Amino acid sequence: RLAFAAVAIAAACLQGADAIMPYTPITGLVAAVYTPFDEQLALDTSVVVKQAAYLNATGVHHVLVAGTTGESVKLTVAERKQLAEAWAAVAPTYGINLFIHVGANAMADAQELARHAASIKAAGLVAMSSTYFRPSSVDALVSQLADIFGAAPLLPAWYYHIPSMTGDNYFRGFDMHALLVADITDGETSLPTLRPRIPNLVGIKFTDYDLYTFKRCIDFNGGEFNLLYGRDEQLLGAAAMGAEGAVGSTYNFAGVWGNAVFAEFKSGNINKAREYQRSIVNLVAIYGKAEYAGTDPGKEIMNQLGVPVGPPRGPAKPMTADQITQLRADMKAVGLIPVA
């Protein structure tokens, strides 16, 4: 049934393929940007221009706003619109392509955010499934995505596959090519009934460690869809599988390393690519240190590099002074130099 579910999503993508609007597939790095708050945890959009300038200086030219790193579900719809507008105002100046995450637990909210993204001329939409009342089947998931992306039908859209957060995993361990050639039935409903149209679905933000399935998705239908890899610590492995684009939190401050992984891999300098990948792995390892449990080390790293994105909203806690002192030492150890 899991394989059937996966192929139904692929079939839904395939049916709408002839209606996809022209677009340029995303290549290179996409920074999943932090949402800036002041010390009272109010949205502080004055920081966005500093974020954009920092990204431009480190060679990152795409952003995903209000995703997981950006604490999306901690924001109100009004805040998400305000944040998107702030990025839309500065993106052209800094050569940044703006992608907006619009997933929400209320479908009306997700549709409103999608329409708003279109109104501010975002480059594209990204949406995860609902995370509390989750889709119970692939049919429900595809219908949900169709409802969201259909609210802004002229924008290219990427499904945000992040099973660690949504609990949905309809992609794991299947062979789309073999399954698509048959009229498969799961005993209840046949494949053709699970083909709602999503004409503007152009790809997947694939945030999972399963590189086998990632490769199958890249190769589907001759490479039709734009796959963006979302686990920074496995970027080189994803590149070996054919990834040309990636979305991640470390690209907020380590874009130079991520770009170097891609560049050295494409040049055939595998050992050099491994060195840059090691730097990213060591950076991500900081996130998981026991002494930082319950905090957001990545956001504090951004603060310590001189871009004041502020504290996280709860349930995450701001770092204590002692934790920040240790974090600064950890940053130096991996080659990130905090400001004085």
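Undergrad: Tell me about the layout of surface pockets, and name the residues and values.
TA: As a volume, the largest pocket reaches approximately 900 Å³. Taken together, 36 residues form the lining of the largest pocket, with Thr-68, Thr-69, Ile-162, Met-165 and Ser-249 sitting closest to its centre. For the lining of the largest pocket, the secondary-structure elements that each account for two or more residues are helix H6 (163-166), strand E8 (245-248), helix H11 (270-287) and helix H12 (297-304). Across the lining of the largest pocket, the residue classes break down as 15 nonpolar, 14 polar and seven charged.

Undergrad: Help me get a handle on H12, residues and values and all.
TA: A large share of H12 lies buried, amounting to eight of its eight residues. When H12 is considered as a whole, its buried residues turn out to be Pro-297, Gly-298, Lys-299, Glu-300, Ile-301, Met-302, Asn-303 and Gln-304. The secondary structure elements touched by the buried residues of H12 are helix H2 (48-57), H11 and helix H13 (321-334).

Undergrad: If you had to explain the nonpolar core to someone new, which residues and values would you point to?
TA: In terms of nonpolar packing, the biggest core is built from 86 residues, with Val-65, Trp-87, Leu-125, Phe-149, Phe-214, Phe-253 and Leu-283 touching the most fellow members. Formed by 13 residues, the second largest nonpolar core is a distinct cluster that contains Val-30, Leu-64, Leu-228 and Val-247.

Undergrad: An account of the packing of aromatic side chains is requested, with residue identities and associated values reported.
TA: Aromatic ring pairs are described here by two measures, namely the spacing of the ring centres and the angle between the planes. In this structure the tally under the stated criterion is six aromatic pairs. Geometrically, the ring pair formed by Tyr-132 and Phe-133 is edge-to-face, given 4.9 Å between the ring centres and 85 degrees between the ring planes. Measuring from centroid to centroid gives 4.9 Å for Phe-214 and Tyr-229, while their planes differ by 65 degrees, and the two rings are edge-to-face. Taken together, the positions of Phe-214 in helix H8 (residues 211-219) and Tyr-229 in strand E7 (residues 226-229) put the pair 15 residues apart, joining distant regions of the chain. The buried category is assigned to Phe-214, whose relative accessible area is 0%. An aromatic cluster is built from Tyr-23, Phe-99 and Trp-158, whose rings are joined through pairwise contacts. Over the face of the ring belonging to Phe-262 we find Lys-266, whose NZ or CZ atom lies 5.6 Å from the ring centre.

Undergrad: Pulling in residues and values, what's your account of the confidence of the model for the chain?
TA: Summing up the model confidence of the chain, the mean pLDDT is 87 and the portion of residues at 70 or higher is 84%. Note on residues 1-7: pLDDT under 50 across the span, and 23 contacts to partners over four residues away in sequence or across chains. For residues 173-196, every residue scores under 50 in pLDDT, and the model assigns this stretch 54 contacts once sequence neighbours within four places are set aside.

Undergrad: Residue-level account of the side chain of Thr-207, with values.
TA: Note that Thr-207 resides in the loop between strand E6 (201-206) and H8. Of the polar contacts made by the side chain of Thr-207, one reaches the side chain of Lys-205; its length is 2.7 Å. Beyond its immediate stretch of four places on either side in the chain, Thr-207 contacts Tyr-160, His-161, Ile-162, Pro-163, Gly-230 and Arg-231.

Cut-offs applied
- In this numbering scheme, every chain counts its residues from 1 along its sequence in written order.
- Reporting in this predicted model follows two pLDDT cut-offs: at least 70 for local features of residues, and 80 or more for side-chain atom pairs to be given and counted; totals over whole chains, interfaces and linings ignore these cut-offs and use all residues.
- Note that the side-chain values use all heavy atoms of the structure and ignore hydrogens as well as water.
- Two kinds of site are reported from a 1 Å grid over the protein atoms alone, namely cavities, where a 1.4 Å probe fits but cannot get out, and pockets, open sets with protein on both sides within 12 Å along at least five of seven lines, and residues are called lining when an atom falls within 4 Å of a point.
- Grid points are joined across faces, edges and corners, and a volume is the space filled by probe spheres set on the points.
- Only DSSP runs of H or I with at least four residues qualify as helices, and only runs of E with at least two residues qualify as strands; both kinds are numbered from the N terminus onward.
- Charged means Asp, Glu, Lys or Arg here, nonpolar means Ala, Val, Leu, Ile, Met, Phe, Trp, Tyr, Cys or Pro, and polar covers whatever is left, Gly included.
- Categorising residues by exposure relies on relative accessible area from a 1.4 Å probe, with only protein chains included: less than 20% of the type maximum marks a residue as buried, more than 50% marks it as exposed, and the intermediate range marks it as partly exposed.
- Contact between two residues is taken to exist if any of their heavy atoms lie within 4.5 Å; hydrogens are not considered.
- What makes a nonpolar core is a set of buried Ala, Val, Leu, Ile, Met, Phe, Trp, Tyr and Cys residues whose side-chain atoms join them at distances within 4.5 Å.
- Pairs were defined over the aromatic rings of Phe, Tyr and Trp, the Trp ring being its six-membered one, requiring ring centres within 6.5 Å. Orientation was assigned from the angle between planes: stacked under 30 degrees, edge-to-face over 60, tilted for the rest.
- Note on criteria: charge over ring means Lys NZ or Arg CZ within 6 Å of the ring centre, with the direction from the centre no more than 35 degrees off the ring normal.
- For every residue, the predictor states its confidence as a pLDDT score lying anywhere from 0 to 100.
- Think of a polar contact as two N or O atoms within 3.5 Å of one another; within protein, one of them needs to be a possible hydrogen donor and the other a possible acceptor, and neighboring residues in sequence only count if both atoms come from side chains.

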